[in-house]
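An overview of the molecular structure
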Amino acid sequence: MATKDRERSDVTTRKGLITGINAINGPVVKGSGMAEANVMELVYVSDERLAGEIINIDGDIATIQVYEDTTGLGPGVPIYRTGRPLSVELGPGLIGNVLDGIARPLNLIREKQGVFIGRGVQAETIDRSKKWTFAPQVKVGDAVVPGQVLGTIPETPILEHRIVVPQGVSGKISSIVPEGEYTVTEHVAEIETENGSETVTMLKEWPVRRTHPLQKRMKPSVPLITGQRVIDALFPLAKGGAAAIPGGFGAGKTVLQHQLASWSDADVIIYIGCGERGNEMTDVLNEFPKLKDPRSGRPLMERTILIANTSNMPVTARESSIYTGVTIGEYFRDMGYHVALMADSTSRWAEAVREIAGRLEEMPVEEGFPAYLPARLAEFYERAGYGEVGPERYGSITIIGAVSPPGGDFTEPVTQNTKRFIRTFWALDKRLAFARHFPAISWIDTYSEYIDEMAKWWKEEKKVDWRSLRQRMLSVLSRENELQKIVQIIGPDALPSDQRLILHVASLIKEGFLQQNAMDDIDRYSTPEKEFRMLDLIAKYEDRAEKLVQGGLPIYRIQEMKVNIKLLTMKQEVADDKLEELDAIEQEMNQEFDELEKSLVTSDEKKG
Amino acid sequence: MNGRRIHLGVARVSGPLVFVKGTENVSYGEIAEVVTSFGEVRRGRVLIIDGDTVAIQVFEGTSDFSSADTKVRFSGHSLTVKVSEEMLGRVFDGTGRPLDGAPPPISGEERDINGAAINPVSRVYPKNFIQTGISAIDGMNTLIRGQKVPIFSSSGLPHNRLAAQIVRQATIPGEESEFVIVFVAMGVKHDDAAYFEETFRESGALENVVMFLNLADDPSIERTITPRVALTVAEYLAFDRDKHVLVVMTDMTNYCEALREVATARGDVPTRKGYPGYLYSDLASLYERTGRVIGSEGSITQIPIVSMPNNDITHPVPDLTGYITEGQIVLDPKLHRQGIYPPIAVLPSLSRLMKDGIGEGFTREDHPNVANQLYGSYARVQQIRNIASIIGEEELSEVDKKYLKFGDFFEKHFLNQGDENRTIDETLDLGWKALELLPVEELSRLKKAQIEKYYKKGANDATP
Ligand SMILES: Nc1ncnc2c1ncn2[C@@H]1O[C@H](COP(=O)(O)OP(=O)(O)O)[C@@H](O)[C@H]1O
Ligand SMILES: [Mg+2]
């Protein structure tokens, strides 16, 4: 249906062309005679058909942001209206694709234009000629409700594409095709509704700026397991939640986003490279087909969609890339999937918003940002959520936005306003990054507001007391932070033994647990079981060491224990499928403690 | 567009901009020639079109424009440069006109200086290790062919010497291919430009160098196009002629100031320190013209020099640069005062591409871990030095004292190397020598097998 519509609208818009450009300022052009047009309407500028969107109408003058370079345009150049909002095409074939900010497949652009991206390429997101195997899940006469699965398509070996009954539609199936090969534009089902019949194809088209709400929003209560120890153990994120990663350049935002995209237990990953480096997208494109999803053993690319507007691509398409991404996310969520969306970096998106606002001569309020920056951020992060998408079926979108504060200063507007709309804040600390303590997530400035829900999940699903173990680790770290201030004045040796033990245990936690090397084949991902065992081991170590130190054992005997280096390196030496090696370390640890205990008792006896 | 259109009289002059009214058929970005009442011709570019009013950014300044007598000629095309291999060995001004007395290159293709974005799916991820012979770089901030890495510096520091040394010494171990140099000067002193020219001559590489010079007393607005002209030539040499191109651009801060001047005249909303909000995208449109692409054997490696006003790394120019480039080499005045050359502050320095270009099959299998351990241990040295400055060195624990020894050795022998040109093996061995000053229990970032192979216990007991 979409193809026909498009052809029709092309014809009418050519006829409906009223006038052309009369002003140009960078990516923003103005056209007159547009009184009938709508804000958010898609237009094509010039006979090169550069995509643009109406962002303001004043009298009969429309202001248009053009998604491509405007060099060479001039007064009188025609503008073609379409009567449709800026939309993204949805259907099988999205997975594994790399799209630009307005959802054009970059591989198609390359086929047409070569190494560099030229102007005015028309490239459909969804291939019209490719045939997909559609397997119906309903019969003629079945009553269906919104979100119900009509049929499935094996899009990749790990992702079943589901064609569901559209929101707001319910009725009886009046026709459904038998299992077979179909193109995306062929009718696969027809639903008889109270308001007439509704035909269904595999191809959909959704406006990108409008939220496609969940049928029923629910409280996020299941963690997104990331395999990143500092996150899963200390500062978790829930499926359907929202998180921000602020950090100056080099603090580790991108590597962390790549790690989350690689190892999170989501069904679909949408990775938006928003105003960042070209080579970082190439890196993902090279690595993801090679990396294996730890759950299915299949290449990660089979569940991933990339959206790339690199820093040298048009800034207007940077603004739209975020909406394109989250709309695709909502589409897969409505199939009943858990989607994780990474945006690197939301600051570049905010700057794109700022730049357009500046060209519109809107009043800047703070650092040049327009007054509606918080509203725009809220709209985006509120598209995260967990809930019901159909009868007995649940889906979610988790949003993780990187933030790039100028000068690494978190008091700037984008970081501050983002904080209002997210619930997990992974603050990256430059000093940790300088020491190559990665991920450089500061345990002092970071927080997660999902602790209660996650504790419940760990208790019910994994039967472990995650909350108290977490609390215990955090308290060691925060006491260490206080003690370090004293150490700066008097040196560590002047502290009493029990306090020096805290420094020692804190360094085991930091180096042995929190630091996680994304380049190490074993270290880069830890199962929850391994994470939990590691923490448990460190806790047991502390218990026994504490007793001995209280009993008078000099602290250096603890600091010189042979098992220390094993605890520091178990993260990279013990693979997930060889956890029994941790038992061996525990045994060794206990033996060493037993010996220390004995020596303490004998020296006590001597004294007594 | 239809040929050359002449327009008489300008409506208004504002900084580097002239406004012309009553124009027709002007296109965005097109080149215009402004002819003063004395007949002098200056070039500019259309920056805003509003109805029949056009604003032109004039590269060579707008002094002595008169509103009635000044003529404007619209060229009908955007700014281009003629690219050819003939340009090697030549010197041009900031807009690509010969400065060396010889005629302009005859052959060649006209290319738009703005270029176009490389499609991310057309890129080849850079992986080839460049040996610069400098330990702080090769060992800990490895340069990769096709990478963009700026030198962050400030006045009085030897950034030119370092850049020249890199140009002189850069090789790909085991490969014959040589680098071709594109040198871009933006608002630099005559002395500095002469220093580079001298360096290129001494190393006998002059016929492999193209120079674009916009010096300190050249028109400042011209600087906004100089790097674009140069990078257009670099792209041609790399992607059409399969050469490995090393681009040295200095000084990016001057470039940004010129950009700010235009932005202010145009009335753009100022953000930090008066720079326009699009400074990030503008810089990216230069820095991203780096790398390797499918279908070409060549590459572009960029080494921009960024001087940090007040040695402040949070200043918008170094800050936004660091957000775009693939790492940075930071120079440190304190090390410089101690006579250490090169005075590279390794902790804030970074090479984002080294992860895939070092280690087994690239440099040496212990390289990633040695680098990581040097970082960790040297960061610890900084903390201990802070404590020592308060409580005194004597009060430190034995282990902490060893860290101070390690720190001193690291700075005096690993960092400090003068004009010595080290192989990667020499660099890594020196790294181990430094690490041997620490007890083996402190080396948790090294693998057991690596320690067994390389760490000589007590080897350094006799070292100063
Ligand atoms: N988890 C990690 N493990 C190992 N190295 C890391 C990790 N995170 C960051 N790094 C290092 O830090 C560098 C910068 O990280 P990156 O994520 O690109 O920073 P940002 O996006 O904040 O500028 C990387 O190139 C890598 O060398
Ligand atoms: Mg990044």
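Counting restarts for each chain, with residues numbered from 1 along the sequence as it is written. Throughout, the order in which chains and ligands are written sets their labels, letters from A for the former and numbers from 1 for the latter. The predicted origin of the model limits local features to residues at a pLDDT of at least 70 and limits the giving and counting of side-chain atom pairs to 80 or more, whereas totals for whole chains, interfaces and linings rest on all residues. The basis for every side-chain value is the complete set of heavy atoms in the structure, and neither hydrogens nor water enter the calculation.

**Focus: the sheet that holds strand β14 (residues 151-153) of chain B**
Residue and element names in this part refer to chain B. Strand order in this open sheet of eight strands is β9-β16-β15-β17-β19-β14-β20-β21, and the pairing throughout is mixed. Each of the sheet's edge strands pairs with one partner strand only, and the pair in question is β9 (91-93) and β21 (350-351). Strand pairing requires that DSSP identify at least two bridges connecting the strands. Secondary structure is summarised from DSSP: a helix means a run of H or I of at least four residues, a strand means a run of E of at least two, and numbering begins at the N terminus for each. Sheet topology places strand β15 (residues 179-188) next to strand β16 (residues 209-215); seven bridges connect them, and they run parallel. In the strand pairing of β16, F183 is matched with M211.

**So, the nonpolar core**
Each nonpolar core is a collection of buried residues, namely Ala, Val, Leu, Ile, Met, Phe, Trp, Tyr and Cys, held together in the definition by side-chain atoms within 4.5 Å. Partly exposed residues are those whose accessible area sits between 20% and 50% of the maximum for their type, while under 20% is buried and over 50% is exposed, using a 1.4 Å probe and protein chains only. Grouped together as the largest cluster of nonpolar side chains are 171 residues, with contacts concentrated most on W426(A), I558(A), L162(B), V346(B) and F406(B). For this analysis, residues touch if any pair of their heavy atoms sits within 4.5 Å. Once residues lying within four places of it in the same chain are set aside, the contact partners of I558(A) are L501(A), H504(A), Y541(A), A545(A), L548(A), V549(A), L553(A), N564(A), F593(A) and L596(A). Counting 73 residues, the second largest nonpolar core, distinct from the first, contains V88(A), W206(A), I328(A) and F380(A).

**Some points on the sheet that holds strand β11 (residues 149-156) of chain A**
Residues and elements named next belong to chain A. Strand order in the open sheet formed by four strands is β12-β11-β9-β14, with antiparallel pairing between adjacent strands. Among the strands making up the open sheet, the edge pair consists of β12 (159-164) and β14 (180-183). Pairwise comparison of adjacent strand axes, ignoring direction, gives a mean angle of 40° for this sheet. Pairing of strand β9 (residues 131-136) with β14 involves four bridges; the strand directions are antiparallel. Along β14, the bridge assignment pairs T133 with E181. Geometry is summarised by axes, namely lines fitted to C-alpha atoms with helices restricted to the contacting stretch, and by angles between N-to-C directions that run from 0 to 180 degrees.

**Details of the packing of helix α13 (residues 497-514) of chain A against helix α16 (residues 563-573) of chain A**
Residue and element names in this part refer to chain A. Between α13 and α16, the least distance of the axes is 8 Å, while the angle of their chain directions is 30°. In terms of axis orientation, α13 runs roughly parallel to α16. For the pair α13 and α16, contact is made by H504, S507, L508, E511 and G512 and by N564, L567, L568 and K571, respectively. What sets the label is the angle itself: under 35 degrees gives roughly parallel, over 145 gives roughly antiparallel, 65 to 115 gives roughly perpendicular, and the rest give oblique.

**Points about the pairing of strand β4 (residues 30-35) of chain B**
Residue and element names in this part refer to chain B. Of all six residues in β4, six are buried, a share of seventy percent or more. By the alternation rule, side chains of β4 split into E30, A32 and V34 and I31, E33 and V35, which are all buried. Where β4 meets strand β5 (residues 41-50), five bridges bridge the pair, whose relative direction is antiparallel. Of the residues in β5, the one forming a bridge with I31 is R45. Joining the antiparallel neighbours β4 and β5 is a turn of five residues, in which G39 adopts a positive phi near 85°.

**Topic: the interface of chain B and chain A**
Counting from both sides, the interface comprises 77 residues of chain B and, opposite them, 78 residues of chain A. Each reported salt bridge corresponds to a side-chain nitrogen of Lys or Arg within 4 Å of a carboxyl oxygen of Asp or Glu. The interface formed by chain B and chain A holds two salt bridges in total. In this structure, the salt-bridge partner of D283(A) is K355(B), at a minimum N-O distance of 2.8 Å. For the purposes of these results, a polar contact is taken to be a pair of N or O atoms within 3.5 Å, where, inside protein, one atom must be able to donate a hydrogen and its partner to accept one; residues adjacent in sequence count only when each atom of the pair is a side-chain atom. Here chain B is connected to chain A by 31 residue pairs in polar contact (both at pLDDT 80 or more). For the side of chain B that touches chain A, a count of residues per class yields 38 nonpolar, 22 polar and 17 charged. Residue polarity follows a fixed list, in which Ala, Val, Leu, Ile, Met, Phe, Trp, Tyr, Cys and Pro are nonpolar, Asp, Glu, Lys and Arg are charged, and the others, Gly among them, are polar.

**Remarks on the site of ligand 1**
Around ligand 1, the structure places 15 residues, and the nearest of them are G250(A), K253(A), T254(A), V255(A) and R352(B). Within the side chain of K253(A), a nitrogen or oxygen atom sits 2.8 Å from an oxygen atom of ligand 1. In terms of residue count, helix α4 (residues 253-263) of chain A provides more of the shell around ligand 1 than any other element does, three residues in total. For the shell around ligand 1, the per-class residue count stands at seven nonpolar, six polar and two charged. Definition of nearness: a residue and a molecule or strand are near each other if at least one heavy atom of the residue lies within 4 Å of the molecule or strand.

In short, the description is geometric, and any link to function would need to be established separately.
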